[in-house]
Amino acid sequence: MSVPTAFDEIFGNSGDQPRAEFAALGAWLEETPDSELDRRQQAAEAAFRQLGITFAVYGNDDSAERIIPFDIVPRIFTATEWSRLKEGLVQRVEAINAFLADIYGERKILADGVLPQELVLANPQFRGFLSGQKPPHGVFAHICGIDLVRTGADEFWVLEDNARTPSGVSYMLENREAMLRLCPELFHRFNVCPVDRYPDQLRDTLRSVAPRGRGSEPVCVLLTPGHFNSAFYEHSFLADSMGVELVEPADLEVDDDIVWMRTIDGRVRVDVIYRRIDDDYIDPLVFRPDSLLGVPGLIAAYLAGNVALVNAPGTGIADDKAIYSYMPEIVKYYSGGEAKLPNVETYRCREPGALQYTLDNLEKLVVKLVDGSGGYGMLVGPTATRAQIEDFRAALKAEPHRYIAQPTLALSTVPTLTEKGIAPRHVDFRPFVLTGSDGVHIVPGGLTRVALKEGSLVVNSSQGGGTKDSLILSDTPECLLPPRGGQSQSQGQGGQG
Amino acid sequence: MLSRTAASLYWIGRYVERAEFTARLIEATVRLDALSARPAGATAWESALLVVAADQGFAATGVELNPRNVSAYLTLAVNNPSSIRSCLDAARWNAKSVRTALTRDAWETINRAWLGLRNVTDMGDLRSALAVIEKIRAETRGFEGALHRMLRNEAYAFLGLGAAMERADNTARLIDVKYHLLLPEGEQVGGVIDRDQWTTILHTVSANTAYRWLYHDELKPWLVTDMLILKSELPRSLAGSADEVLGHLAFIGRRLGRQGEADRLARQRQAMLARTSIDSVFQQGLHEYLEAFLVENARLDRTIAAQFRFG
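Here the structure is a predicted model, which is why all the values come from computation and not from measurement.

1. Side note on the sheet that holds strand 11 (residues 347-348) of chain A
Residues and elements named next belong to chain A. Judged by pairing direction, the sheet is antiparallel, and its 4 strands sit side by side in the order 11-14-12-13 without closing on themselves. Because the sheet does not close on itself, it has two edges, and the strands there are strand 11 and strand 13 (378-380). Taken together, the 3 bridges between strand 12 (residues 365-369) and strand 13 define a ladder with antiparallel strand orientation. In the strand pairing of strand 13, Val367 is matched with Leu379. The strands touched by helix 14 (residues 386-398) within the sheet are strand 12, strand 13 and strand 14 (403-407), with strand 13 carrying the most contacts at an inclination of about 130°.

2. Things to note about a nonpolar patch on the surface
Residues and elements named next belong to chain A. A cluster of nonpolar residues, Phe129, Leu285, Val286 and Leu303, forms a patch on the protein surface that exposes about 350 Å² of accessible area. Its location among the elements puts Val286 in the loop between strand 9 (272-275) and helix 10 (298-303). Residue class for Val286 comes out partly exposed when judged on its relative accessible area of 35%.

3. Concerning the interface of chain B and chain A
Between chain B and chain A, the contact holds 24 residues from the first and 23 residues from the second. Of the roughly 2,300 Å² buried between chain B and chain A on both sides combined, carbon and sulfur atoms contribute 49%. Summed over the shared surface of chain B and chain A, the result is 4 salt bridges. Seen at the junction of chain B and chain A, the total is 10 residue pairs in polar contact (both at pLDDT 80 or more). Within the residue set of the side of chain B that touches chain A, elements represented by two or more residues are helix 1 (3-34), helix 5 (84-97), helix 6 (104-118) and helix 8 (154-180) of chain B. For the side of chain B that touches chain A, the element with the highest residue contribution is helix 6 of chain B, accounting for 6 residues.

4. Points about the pairing of strand 8 (residues 266-269) of chain A
Residues and elements named next belong to chain A. Both strand 7 (residues 258-263) and strand 8 contribute to a ladder of 4 bridges, which runs antiparallel. Directly across from Trp260, in strand 8, lies its bridge partner Arg269. The antiparallel hairpin formed by strand 7 and strand 8 contains 2 residues in its connecting segment.

5. As for the pattern of salt bridges
If you walk through the whole model with that rule in mind, you get 54 salt bridges over all chains. A salt bridge links A:Arg150 to A:Glu9, with the nearest nitrogen and oxygen atoms 2.7 Å apart. Here A:Arg150, found in strand 2 (residues 143-152), pairs with A:Glu9, found in the segment before helix 1 (23-31); they are 141 residues apart in sequence, far enough to count as distant. By the burial criterion, A:Arg150 is buried, and A:Glu9 matches it. Notably, a salt bridge pairs B:Glu27 with B:Arg137, separated by 2.3 Å at the nearest N-O pair. Here B:Arg137 lies in helix 7 (residues 126-148) and B:Glu27 lies in helix 1, a separation of 110 residues in the sequence. For B:Arg137, a relative accessible area of 13% corresponds to the buried category.

6. A look at the confidence of the model for chain A
All names here are of chain A. With 91% of its residues at a pLDDT of at least 70, chain A reaches an overall mean of 88. Between residues 58-63, whose pLDDT stays under 50, and residues either more than four places distant or in other chains, the model counts 4 contacts. Low pLDDT, under 50, characterises residues 482-497; the stretch is placed with 4 contacts to residues that sit more than four places away or in other chains.

7. Description of the packing of helix 3 (residues 79-103) of chain A against helix 12 (residues 327-335) of chain A
Packed helix pairs are specified by the crossing angle of their axes together with the interaxial distance, meaning the distance between the axes. Residue and element names in this part refer to chain A. One way to put it is that helix 3 packs onto helix 12 with a least axis distance of 9 Å and a crossing angle of 85°. Of the possible angle classes, the one that applies to helix 3 and helix 12 is roughly perpendicular. Of helix 12, the residues touching helix 3 (which contributes Gln91, Arg92, Ala95, Ile96, Ala98, Phe99 and Asp102) are Met327, Ile330, Val331, Tyr333, Tyr334 and Ser335. A breakdown of the residues in the contact of helix 3 with helix 12 according to their chemical character gives 9 nonpolar, 2 polar and 2 charged.

Definitions and cut-offs
- Residues numbered from 1 in each chain as written.
- Chains lettered and ligands numbered in written order.
- Predicted model: local features only at pLDDT ≥ 70, side-chain atom pairs only at ≥ 80, totals over all residues.
- Heavy atoms only, no water.
- Pairing = 2+ DSSP bridges.
- Helix = DSSP H or I, 4+ residues; strand = E, 2+ residues; numbered from the N terminus.
- Contact = heavy atoms within 4.5 Å.
- Axes fitted to C-alpha atoms, helices over the stretch in contact; angles between N-to-C directions.
- Patch = residues over 30% accessible without salt bridge, like charges linked within 9 Å, V, L, I, M, F, W, Y side chains within 5 Å.
- Areas by Shrake-Rupley, 256 points an atom, 1.4 Å probe, with all protein chains shown as cover.
- Salt bridge = Lys/Arg side-chain N within 4 Å of Asp/Glu carboxyl O.
- Buried < 20%, exposed > 50% of the residue type's maximum accessible area, 1.4 Å probe, protein only.
- Buried area = accessible area lost by both parts, 1.4 Å probe.
- Polar contact = N/O pair within 3.5 Å; in protein donor to acceptor, adjacent residues only side chain to side chain.
- pLDDT = per-residue confidence, 0-100.
- Parallel < 35°, antiparallel > 145°, perpendicular 65-115°, else oblique.
- Nonpolar A, V, L, I, M, F, W, Y, C, P; charged D, E, K, R; others polar.

Below, the structure is given as structure tokens:
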């Protein structure tokens, strides 16, 4: 295998001594026996199973409900690292929203030739019928999950922009709950920014984009495909923590371009829908007539300006992997400056030179389907078999425009509890970025996914990856956890469990 | 509240109550069967099947009617829609789809009960069967405890409404079957076997001590019947359940600002029970009385579904 030695988030490049800021974590790992870490990890996973924090794996019938493995060793960001990331995230998400408003509006970026016109207009994710349509308050991508990877102390890269219905935020919140309960001592050693404001911020975001004239108490709902969906736990968790109704398509009806939900007391008008259903399945009158999911007439109500859809229809064009390769240019075009968070170098196989390079270097590259997700339709060259590489070679030659290729990055590692004790495992990171009518908000945290197999770079939960808590450190008082109550001098026993 | 949510909550209430009732019934039947001086044998298990209307389903499986097979059928059988497992499956299925309307505690107890039974494939001997049953009962008690900590809102009322409707149905079936059990030839009404049957009834509804407190008397069939039908201070009596149904409906009505046909039927039923004496029940025939009650209860169930647009 040709993956070079990776940067470790805690131990840096040195290997045996933790980075100065994280000495306390090193000490914690040192003094806590593996068996104790193991015990706490199992307690966390037992609690997750009891709570039903499960994830359905498609095509895997016998384990229809699995929990995502949880790793007890957290990953940590310094306050400085986070504030740099945050600037880059705000810039990128503002650009994504400006881009969407532009291509569904005046199309200046296309007129200026920044990216090929047909790449946008002929893209299956581009919804031509929405041209000229402005969503309420002009926001398209209210919730973005930006996947980041790291290769060195100062080297963060954007791997993917998720601008449709990004998931995973419930793990950010539940992992923190588990850590607070099982490893409270860590939160005494570090000043950790709390993440539990996220549901409140999400609710504020939803309210802020209600159609004008709907009063100060707009009715917001979360629309789920139903409890057989793999992310249903997250849907119900978010609805519950925001205090809004969790609705299924059959609970909604559209009448005269107004959306209503059916209640025991008759119909109630709905103003904002946080939908966790893809465009394709949201309205059988517009998208897939064969779909039994969806609310007939929903898009008409949206076009009439009577309901806000979060995220707005048509945002898929912004996270399309073919568009992704142009993000540095897009960010520069709308922000006027260089992208603070760079892209991973990307070969667009639709371009003959890039295709040739890709075909010549398959064993070094990661090749992805432009419209694939969840780790499906992906080749990881360095760990692939000869046969897998030849399969991809044939597929690439047949339909080059459907693929992009990226170098295999030496993804950073984080110490992780394995069967053989603590060992480095590769990670990525997905912070969640909210955009309301009043701008961009980011809760200091995110989802760290970890590849549990030694050497593996695939962190997707559908491919057996796990998650970790992501601690963001702070010195500013407003970010700190409130002091814990209790009798003075009482340590250890008798504290809050 | 969404109509779908209300329907699911109502059915969670019914299914959890049904699971618990079946668990109690098995426990009481084991007890009846184990009175070693005069074992009740197959009759006891046959009557247990009759109470939950599972006699035909059991016969169709073709297995021998013995304690082990019947208790397994009532607890674990996937092809028995009223087995404890089927009830918990249905309760959890509903609970999962309306998680936001349940507290974490309430969801966890249902999920835990379901997880606890999921991998049980064999009940083993009666002793280990009782251990399984006791665990299920502990979980359903936990569910009731969790309910009491819920906000007093519509969600609470629909759960309680379902439970009370189910309880009325279960108690009526229990009295009907047990009362009409044929005594073995030569046995006296009021004799030992008769007494055992009535004790079993009281065990099934956890009312042995309640009986002594209410009547200060030895077991007399008409007094047991009086208690289970007319004593509203016993929560599992028909009168007690009818009070509770009315209370939940009135609460929902106040919250919504209007009432409907279900409220009218429930009020009528409560008034009838208040006017009834046990003598008049026996005069018209206990079986006929209970049968009419079950029909009326099913009608109220349909009316509730219509009133709240369960769909």
